[in-house]
Amino acid sequence: MCPFKGRSRFRVYMKDKPTKWGFKFYECCESESGYVHQIEMFCADRRVSNRPYDVTMRMVQPLLNKGYQVFIDNYYCEPKICADLAAQGTMVCGTVRKNRVTMPRDLPELRRDGAVPLRAERKPLAVISYIANMSGVDNSDQLIAYFPMRRKSIKWWKKPFFHLLTLCTIQAMILLNKHRRARGLRKVPLDRMIKSLLLDLPVYDVAPPAAANDGPRLPNFRLQGRHFPAVIPASDSVPKPRRNCKVCYDWCCCGHNEEQASADALHVHVV
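Each value, and the rule that gives it
- Residues numbered from 1 in each chain as written.
- Predicted model: local features only at pLDDT ≥ 70, side-chain atom pairs only at ≥ 80, totals over all residues.
- Heavy atoms only, no water.
- Axes fitted to C-alpha atoms, helices over the stretch in contact; angles between N-to-C directions.
- Helix = DSSP H or I, 4+ residues; strand = E, 2+ residues; numbered from the N terminus.
- Parallel < 35°, antiparallel > 145°, perpendicular 65-115°, else oblique.
- Left-handed = near helix turned anticlockwise from the far one by under 90°.
- Contact = heavy atoms within 4.5 Å.
- Salt bridge = Lys/Arg side-chain N within 4 Å of Asp/Glu carboxyl O.
- Buried < 20%, exposed > 50% of the residue type's maximum accessible area, 1.4 Å probe, protein only.
- 1 Å grid on protein atoms, 1.4 Å probe; cavity = no way out; pocket = protein on both sides within 12 Å on 5 of 7 lines; lining within 4 Å.
- Points joined across faces, edges and corners; volume = space filled by probe spheres on them.
- Nonpolar A, V, L, I, M, F, W, Y, C, P; charged D, E, K, R; others polar.

## Quick notes on the packing of helix α1 (residues 52–59) against helix α2 (residues 79–87)
In a pair of packed helices, the angle between the axes and the distance between the axes together describe the arrangement.
Next, step 1: Packing of α1 against α2 brings their axes to within 10 Å, and their N-to-C directions diverge by 25 degrees. Here α1 lies roughly parallel to α2, going by the angle between them. The chirality of how α1 crosses α2 is right-handed. Contact residues: α1 offers Pro52, Tyr53, Thr56 and Met57, while α2 offers Lys80, Ile81, Asp84 and Leu85.

## With respect to the pattern of salt bridges
Next, step 1: For the coordinates displayed, the defined rule picks out 4 salt bridges.
Next, step 2: Here Glu78 makes a salt bridge to Arg100, at a shortest N to O gap of 3.9 Å. Pair noted here: Glu78 is in the loop between β6 (69–72) and α2 and Arg100 is in the loop between β7 (91–94) and α3 (107–113), with a separation of 22 residues, a long-range link. In this pair, the class of Glu78 matches that of Arg100, namely buried.

## So, empty space enclosed by the protein
Next, step 1: Throughout the structure, instances matching the rule amount to 1 cavity of 30 Å³ or more.
Next, step 2: Its boundaries defined by the atoms lining it, the largest cavity holds a volume of some 80 Å³.
Next, step 3: If you list the elements that add at least two residues to the lining of the largest cavity, you get β1 (2–3) and α6 (158–182).
Next, step 4: Here the lining of the largest cavity takes 5 residues from α6, the largest share from any one element.
Next, step 5: Looking at the lining of the largest cavity residue by residue, the classes come out as 6 nonpolar, 2 polar and 4 charged.

What follows is the structure, encoded as structure tokens:
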């Protein structure tokens, strides 16, 4: 879930989730590391089916006939999914809801009559495998919660954008640590990887010092937005009719002293 409480037809409400309002994402993750193999956003479009069977088949479509085993929870698990995936070389392990329409009617009766024991001396292998491999999506959500790139905004498309940006960063960290483990190196934490990426980016907001034969400096391009300066010429009685423009002063101060920067900066009146 990507949290969002604004207005959007993609927003859903899920009362059992920690984040109850937001955008819903379907994910197919690797069970050990949480690497997202397939992702799909709930789009509230009638042309796209959101039934559990159709969503599951779309998520695992690239993995069919390759010998993989899929672990799903009780919302998506049903006999038809297990039969169709098994026919295409993909095994399924998951819990079920006994009140689902597609479940056999005699399943609850077998449990009450004792034909299926409620408690065994040793856990079945399927239960052990399910507990050990059912944490792929939870691992992905946990990594996103560590360093969320969320910003308050009334525009709905910014929320999924920053959510996917965070997910891409986590995907890169998982692949980097997998490569480092293969070489016998230690894992790199997510915050350290983000800092290393930011330090490698070029910096453009620092102006280089001007040469001695340079002409008058031009203001920064930030003045072309909502900041509209008006130049007021100086006179003999009032040499500085208004204070120096902040942007012009900082721009001219690079490589000069304060007196020279004050002389080169525009005397403006912001309107």
